[in-house]
Amino acid sequence: TILCRSSNKALEVQIPSRPGGAPGQAAEYHEEWRDIESEMDKHSLPRGDGDIILLAAAGETLERLSGRSFPSCRHRVAKCQGRRFNM
């Protein structure tokens, strides 16, 4: 899954605390949801307006194909004020 930085921050993720790996053994996740768009801003190089910052997140298909070595990234859009544009 490719996630891009929005015009209004609201994208959150749960970080895996322990990957799965064995058949039938799912990954375990930290309970808190983290604001990922602020992290994307912190780790990006200085850029001009209009540049696009992308995040590649492992999805459920990659999790299955990798034997759960790459747990899927749980993500959601939290409530936010104003309009939000994302693709």
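Residues numbered from 1 in each chain as written. Predicted model: local features only at pLDDT ≥ 70, side-chain atom pairs only at ≥ 80, totals over all residues. Heavy atoms only, no water.

Thoughts on the overall build of the protein chain
When its secondary structure is counted, the protein chain shows two helices and seven strands. Reading the secondary structure of the protein chain in the N-to-C direction produces β-β-β-β-β-α-β-α-β. Looking at the protein chain as a whole, 26% of its 87 residues qualify as buried. Sequence-distant contacts in the protein chain: of pairs separated by 6 or more residues, those separated by 24 or more amount to 64%. (Helix = DSSP H or I, 4+ residues; strand = E, 2+ residues; numbered from the N terminus. Buried < 20%, exposed > 50% of the residue type's maximum accessible area, 1.4 Å probe, protein only. Contact = heavy atoms within 4.5 Å.)

Some remarks on the pattern of salt bridges
Scanning the entire structure with this criterion turns up three salt bridges. Across the pair Glu-12 and Arg-76 runs a salt bridge, and its minimum N-O distance is 2.7 Å. Placement of Glu-12 in strand β2 (residues 11-14) and of Arg-76 in strand β7 (residues 74-77) is noted, with a sequence separation of 64 residues between them. You can call Arg-76 partly exposed: its relative accessible area is 37%. (Salt bridge = Lys/Arg side-chain N within 4 Å of Asp/Glu carboxyl O.)

Notes on the side chain of Glu-12
The exposure class of Glu-12 is buried, given its relative accessible area of 16%. Other than its neighbours up to four places away in sequence, Glu-12 contacts Trp-33, Arg-34, Asp-35, Ile-36, Arg-74, His-75, Arg-76 and Ala-78.

Comments concerning the confidence of the model for the protein chain
Averaged over all residues, the pLDDT of the protein chain is 77; the fraction at 70 or higher stands at 78%. Averaged pLDDT values for the elements of the protein chain fall to 77 in strand β1 (residues 2-4) and rise to 88 in strand β5 (residues 34-35). (pLDDT = per-residue confidence, 0-100.)

Overview of the environment of Gln-14
Examined against the element boundaries, Gln-14 turns out to sit in strand β2. Sequence separation between Gln-14 and Cys-73 is 59 residues; the distance between their C-alpha atoms is 7.0 Å. Not counting residues within four places of it along the chain, the set of residues in contact with Gln-14 comprises Tyr-29, His-30, Glu-31, Glu-32, Trp-33 and Arg-74. A polar atom in the side chain of Gln-14 sits 3.1 Å from the backbone oxygen of Glu-31. (Polar contact = N/O pair within 3.5 Å; in protein donor to acceptor, adjacent residues only side chain to side chain.)

Some remarks on the environment of Arg-76
For the pair Arg-76 and Gln-14, spaced 62 residues apart in the sequence, the C-alpha separation amounts to 8.9 Å. For Arg-76, the side chain forms a polar contact with the side chain of Glu-12, separated by 2.7 Å.

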